[in-house]
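Structure assessment
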Amino acid sequence: MLVFDLRVRLGDFALAVAGEIDTGRVTAIFGPSGSGKSTLLRTLAGLERGAMGRLSLGRDVWLDSARGLDVPAHRRPVGYMFQEARLFPHLSGEGNLRYAAKRARRERQVVTFDEVVDALDLAPLLPRRPASLSGGERQRVALGRTLLAQPRLLLLDEPMSALDASRKMEILPYLEALHPRFGIPTLYVSHSVDEVALLADRILVLAGGRVTAQGRTAEIFERLDLGPLADRRGAASVVEARVVRHDHEYHLTWLDLAGQTLVVPKREHFDPGEPACLVIRARDVSLATSRPVGVSIQNVLAGCVCEVREREGSAFADVMVDLGPHRLLARITRLSLHDLELVVGTPVFALLKSVSLSKQRA
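Residues numbered from 1 in each chain as written. Predicted model: local features only at pLDDT ≥ 70, side-chain atom pairs only at ≥ 80, totals over all residues. Heavy atoms only, no water.

**Looking at the confidence of the model for the chain**
For clarity, the cut-off: How sure the predictor is of each residue is captured by pLDDT, a score from 0 to 100. Helical segments are the DSSP runs of H or I of at least four residues, strand segments are the runs of E of at least two, and each set is numbered from the N terminus.
This prediction gives the chain a mean pLDDT of 88; 95% of its residues lie at or above 70. Highest mean pLDDT in the chain belongs to strand β20 (residues 347–352) (97); lowest belongs to strand β21 (residues 356–359) (74).

Put into structure tokens, the structure is as follows:
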């Protein structure tokens, strides 16, 4: 367990956070720009001078200002991956990895060189210098270097923020497989709802240097009071479904969501009966008061409006739809909200234009 009660002042900004994080899972540190996400990670790593309070990982105390204890950054077994790769330009990919492995603490070996190369598909990148690598390739080497430091705690500070959409899709599967394969406790900083939904088991929400919410990913995304933390294009829902079968003729995968059927492009790596995590963006959900006919959208879910929040000063409203064991967020225009006369208790049909699918986390 990572237990912290920390206070840091940087100019006019003050971080004051306290809580406990289950180190057996991936926890996202989520919030708008300037909320203190990176400051929290830097404080955990020992990179922010003047931090006050107490910090411990398991039985090891890293900070206890009341006793004058502050373990320096180089003695904290933390792997820190920054937004930029920060590779040594004069070394090859292998040279960067070997450098990290050489400096790692010998008393704790979490991963081996060969395991990291295999997990991140780094073999083709080993002889190449950073200047010849794409952004996604550089981040993969940087991630491998971080793992070879043999950390007890992995801190990922928006590792995909500098990548374009195609490069993000390139590195996302590696990040998704990281914790299941190596089991290293991970804190993942991001303001991207999609990344958080796909990668994190739990979320700690920051705003103004304070913790405003903490809990399971699906539970946090169901809270409309946290809606302003996601921009208009980012808000999403996370629901759990089960794979039913694969349609080889049309290359589709059929899913069961609490007795209702969903269909997505075929996912070969899912077996029938296997649970799956679905990420559904609020902007990809349309609502109707009667079941539509003659439309190309295949995924239509029956539910009931359970919460409505109009976003004053904007064109949009957030509507939460109760699907039984799950809740689904739709972001529609305020005009549509009024035209359809949607209020709590109104039966609706949710039309899903797009769904992302990932392995369900234990």
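**A few points about the side chain of Lys266**
Threshold: Between two residues, a contact is recorded if the distance between any of their heavy atoms is within 4.5 Å.
Topologically, Lys266 is positioned in the loop between β14 (260–265) and β15 (275–281). When residues no more than four places from it in sequence are discounted, the contact partners of Lys266 are His246, Asp247, His248, His251, Leu252 and Thr253.

**Some details on the pattern of salt bridges**
Between side chains of opposite charge, a pair can form when the charged atoms approach closely. Put simply, the rule is: Whenever a carboxyl oxygen of Asp or Glu lies within 4 Å of a side-chain nitrogen of Lys or Arg, that contact is scored as a salt bridge.
Counted under the stated rule, the structure contains 18 salt bridges. The salt bridge involving Asp22 is made with Arg25; its shortest N-O contact spans 3.8 Å. Residue Asp64 is joined to Arg54 by a salt bridge in which the shortest nitrogen-to-oxygen separation is 3.5 Å. Of this pair, Asp64 sits in strand β5 (residues 60–64) while Arg54 sits in strand β4 (residues 52–57); the two residues are ten residues apart in sequence, bridging distant segments of the chain. Residues participating in the shared-partner salt-bridge network are Arg54, Asp64 and Arg67.

**Section: the sheet that holds strand β2 (residues 13–21)**
Heads up, the condition is: Pairing between strands requires that DSSP locate at least two bridges from one strand to the other. Inter-axis angles, ranging from 0 to 180 degrees, are taken between N-to-C directions of lines fitted to C-alpha atoms, where helices are fitted over the stretch in contact.
Strand order in the open sheet formed by five strands is β2-β1-β4-β5-β6, and the pairing between neighbours is antiparallel. Taken across any chain shown, the strands that pair with only one partner, and hence form the sheet edges, are β2 and β6 (69–70). Inspection of the sheet shows strand β1 (residues 2–10) paired to β2 by nine bridges, in the antiparallel sense. The residue bridging Val8 from the neighbouring strand is Leu15, located in β2. Packing of helix α1 (residues 37–45) onto the sheet brings it into contact with β1, β2, β4 and β5, and relative to β1 it is tilted by some 115°.

**Some points on the sheet that holds strand β17 (residues 299–310)**
The antiparallel open sheet is built from five strands, whose spatial order is β16-β20-β17-β18-β19. At either end of the open sheet lies a strand with only one pairing partner, and these are β16 (285–288) and β19 (327–333). Pairwise comparison of adjacent strand axes, ignoring direction, gives a mean angle of 45° for this sheet. Note that strand β18 (residues 316–322) and β19 share seven bridges and pair antiparallel. Along β19, the bridge assignment pairs Phe316 with Thr333.

**Regarding the packing of helix α4 (residues 135–147) against helix α5 (residues 165–182)**
To keep it simple, the criterion reads: Should an angle lie under 35 degrees it is considered roughly parallel, over 145 roughly antiparallel, and from 65 to 115 roughly perpendicular; all remaining angles are considered oblique. Crossing handedness follows the turn of the near helix against the far one: under a right angle anticlockwise gives a left-handed crossing, and clockwise gives a right-handed one.
Their axes nearest at 9 Å, the elements α4 and α5 cross at an angle of 20°. One way to sum up the angle between α4 and α5 is to call them roughly parallel. Every pair of crossing elements has a handedness; the one defined by α4 and α5 is right-handed. For the pair formed by α4 and α5, the contact residues are Gly136, Glu137, Gln139, Arg140, Leu143 and Leu147 on the first element and Arg167, Glu170, Ile171, Tyr174, Leu175, Leu178 and Phe182 on the second.

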